[in-house]
Amino acid sequence: MSVETKASTSWINRRIKRDQVEKYLENGQDFINETQINTELAAAPKEPSRQQVRDILAKSMAVKDLTPEEVAVLINVNDKGLLEEMRAAALAIKLKIYDNRIVTFAPFYLGNYCVNRCSYCGFNNDNCDAQRKVLSQEEIKAEVAVLAGKIGHKRLIVVYGEHPRNDVDYIVESLKTIYSVRVKTRNGHGSIRRVNVNAPAFSIEDLKRINEAGIGTYQVFQETYHKETYARMHPKDTIKGDYQWRLYCMHRAMEAGIDDVGIGALFGLYDWRFELMSLIYHTQELEKKLGIGAHTISFPRLVPALNSMIGPDWKYLVNDDDFKKIMLIIRLAVPYTGMIITAREKASIRDEALLMGVTQMDASSRIAIGGYSDAVTAQEKDKQQFILGDTRSLDDLIRDFAGRGFITSFCTAGYRCGRTGKCIMDLLRSGAEGKFCKLNAILTFQEWLDDFGSEETRAVGLPLIAKEIEQVKARNPKALEIFMNYHERIKKGERDLYL
Ligand code: SAM
Ligand code: SF4
């Protein structure tokens, strides 16, 4: 272990509480049954018939979850016409459940000290070239002042390595600091209203403390569900080396009271077909055992990182066509689950993803520690974890999407009104959530355009709002009076009014 990132062995040994894993196992086995997954993949027809695919699409369009066997069938679709039908169905589902809204957020890296040695990550403990840093509470405030006061973000995903320097006490304190910042803007004020957390797999006790600090979604990616590959990527003597400790962290999170959990796989470590099937098994397991599936699914694709041990000829890297198929199948398999695509991907892929059912994207992203307030050297520092593919600003992204008829939503009302967990899933399934969300999307979009939008973006965004208001008048007359009242007040500088 390198000197500057050393953590005591006793700290490392205290992390994993095996009893908090074993209680969930069935006959000593976890829920990823590799033989079963491989059998299902092998049993799927090599060239699925038109009828077979259409029957599956009809089920997705009725907002029903697909079975792993059905997912295995879709994986084998290569016919161009059928792929187009899958695209059309994914878009139709997205519009039916989420309407023409896209939610944005920013990644916020608070500390990159890490005791683990994941082969693909620039923060890994063996990477002596990484500059290590943990932001002080004052530095966090400076970053949030830029995120909420200059760029205009309302949602963050905060990211931490696994290390005593950015342990649970630090996470709790940093969440409080982030929520405390309020910055004056052009016409009102800005603040962060929802903080999602991407952090290590914690114990139930630690997760309870993080939950009390006001977390949005708790996000942990399994990276790879394939046990042999997992062992290759995560040395056994590290905390992350315990596959099952990570696999069951969402069970622990829900037991700790966290309603919204985000799962994911790092596509490119192992065969994407296996990872996709496993993601479906994971969300189904959560639904079966804890009554609610994943709130979001992420599908980051491996990108080159400083001193990463995975090179360009690694066998399992995922090409663009397969990556698009992965997105389509997730949308079709779990129609009501949020889907996140980050700026790791290039702009052209993210533009397509908008029409494939993706619901959340980041923008103006910096992944260097301190990268928002220290922008001069940030691009250089960003290379430490990996290199970003889409460097568009939030203003550019919003203008591009508005030009295509999509409203960027900064709504965080659901979480603050208690519309989380099972409640939000039921609303999404019934289509009722869309009613609140559309109204809140318009209100928050107006706020953002007034506070941060450039003239060019306002010129595209304001006519879109006018069009949306006409639709509200026609489709949602019951909420019209209060909505119009809020809209007028927001235009005069009041902030954070929501239904
Ligand atoms: N340390 C925590 C953990 O490992 O869960 C959270 C921080 S880690 C930086 C967040 C995520 O970054 C990881 O779960 C992994 O999926 C992703 N990541 C790491 N290296 C990557 C790479 N080279 N390309 C794309 N994503 C990467
Ligand atoms: Fe550490 Fe997370 Fe990077 Fe692994 S992926 S080295 S745990 S920061």
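Our subject in this report is the structure included herewith. (Residues numbered from 1 in each chain as written. Chains lettered and ligands numbered in written order. Predicted model: local features only at pLDDT ≥ 70, side-chain atom pairs only at ≥ 80, totals over all residues. Heavy atoms only, no water.)

### So, the side chain of His 487
- As for its placement among the helices and strands, His 487 is situated in helix α22 (residues 477-491).
- Relative accessible area serves as the criterion here: at 4%, His 487 is assigned to the buried category.
- In contact with His 487, not counting residues within four places along its chain, are Leu 443, Gln 446, Ile 465 and Ile 469. (Helix = DSSP H or I, 4+ residues; strand = E, 2+ residues; numbered from the N terminus. Buried < 20%, exposed > 50% of the residue type's maximum accessible area, 1.4 Å probe, protein only. Contact = heavy atoms within 4.5 Å.)

### Thoughts on the site of ligand 2
- In the region of ligand 2, the neighbouring residues are Cys 114, Asn 116, Cys 118, Cys 121, Phe 123, Asn 124 and Lys 240.
- Grouping the constituent residues of the shell around ligand 2 by class yields four nonpolar, two polar and one charged. (Near = heavy atom within 4 Å. Nonpolar A, V, L, I, M, F, W, Y, C, P; charged D, E, K, R; others polar.)

### Overview of the pairing of strand β5 (residues 194-198)
- Here β5 lies mainly inside the structure; five of its five residues are buried.
- Here β5 shows two buried faces, one formed by Arg 194, Asn 196 and Asn 198 and the other by Val 195 and Val 197.
- Sheet topology places β5 next to strand β6 (residues 218-219); two bridges connect them, and they run parallel. Within β6, the position partnered with Asn 198 by the bridge is Gln 219. (Pairing = 2+ DSSP bridges.)

### Description of helix α7 (residues 137-151)
- With 15 residues, α7 should cover 21 Å at 1.5 Å per step; its first-to-last C-alpha distance of 20 Å lies within 8% of that length.
- Here α7 has its buried residues at Gln 137, Ile 140, Glu 143, Val 144, Val 146, Leu 147, Ala 148, Gly 149 and Ile 151.
- Directly after α7, the chain includes Gly 152, whose backbone phi takes a positive value near 105°. (Expected span 1.5 Å × (residues − 1).)

### Some details on the pattern of salt bridges
- Throughout the structure, instances matching the rule amount to 44 salt bridges.
- The salt bridge partner of Arg 50 is Asp 79, with a shortest N-O separation of 3.4 Å. Highlighted residues: Arg 50 in helix α4 (residues 50-61) and Asp 79 in the loop between α5 (68-75) and α6 (80-98), separated in sequence by 29 residues.
- Take Arg 50: its relative accessible area is 40%, and that puts it in the partly exposed class.
- In this structure, the salt-bridge partner of Asp 395 is Arg 399, at a minimum N-O distance of 3.1 Å. Separated by four residues within a single helix, Asp 395 and Arg 399 lie in helix α17 (residues 394-403), roughly one turn from each other.
- Taking relative accessible area as the criterion, Arg 399 reaches 22% and is therefore assigned partly exposed. (Salt bridge = Lys/Arg side-chain N within 4 Å of Asp/Glu carboxyl O.)

### Describing α6
- For α6, which comprises 19 residues, the first-to-last C-alpha distance of 26 Å matches the rise-based estimate of 27 Å (1.5 Å per residue) to within 8%.
- Every buried residue of α6 is accounted for by Leu 82, Met 86, Ala 89, Ala 90, Ile 93, Lys 94, Ile 97 and Tyr 98. Within α6, the buried residues cover an arc of 135° as seen down the axis, which keeps them to one side. Of the exposed residues in α6, those oriented more than 90 degrees away from the buried face are Lys 80 and Lys 96.
- Phi turns positive, to about 60°, at Asp 99, one or two residues after α6. (Arc of directions from axis to C-beta.)

### Description of the packing of aromatic side chains
- Enumeration over the complete set of coordinates arrives at 12 aromatic pairs.
- Measuring from centroid to centroid gives 5.2 Å for Tyr 230 and Tyr 243, while their planes differ by 85°, and the two rings are edge-to-face. Highlighted residues: Tyr 230 in helix α10 (residues 227-233) and Tyr 243 in helix α11 (residues 243-247), separated in sequence by 13 residues. You'll find Tyr 230 and Tyr 243 in the same group, each marked buried.
- Ring geometry for Phe 299 and Phe 323: centres 5.9 Å apart, planes at 55°, overall tilted. Linking Phe 299 in the loop between β8 (296-298) and α14 (320-333) with Phe 323 in helix α14, this pair joins segments that are 24 residues apart in sequence. Side by side, Phe 299 and Phe 323 carry an identical accessibility label, which is buried. (Phe/Tyr/Trp six-rings, centres within 6.5 Å; stacked < 30°, edge-to-face > 60°.)

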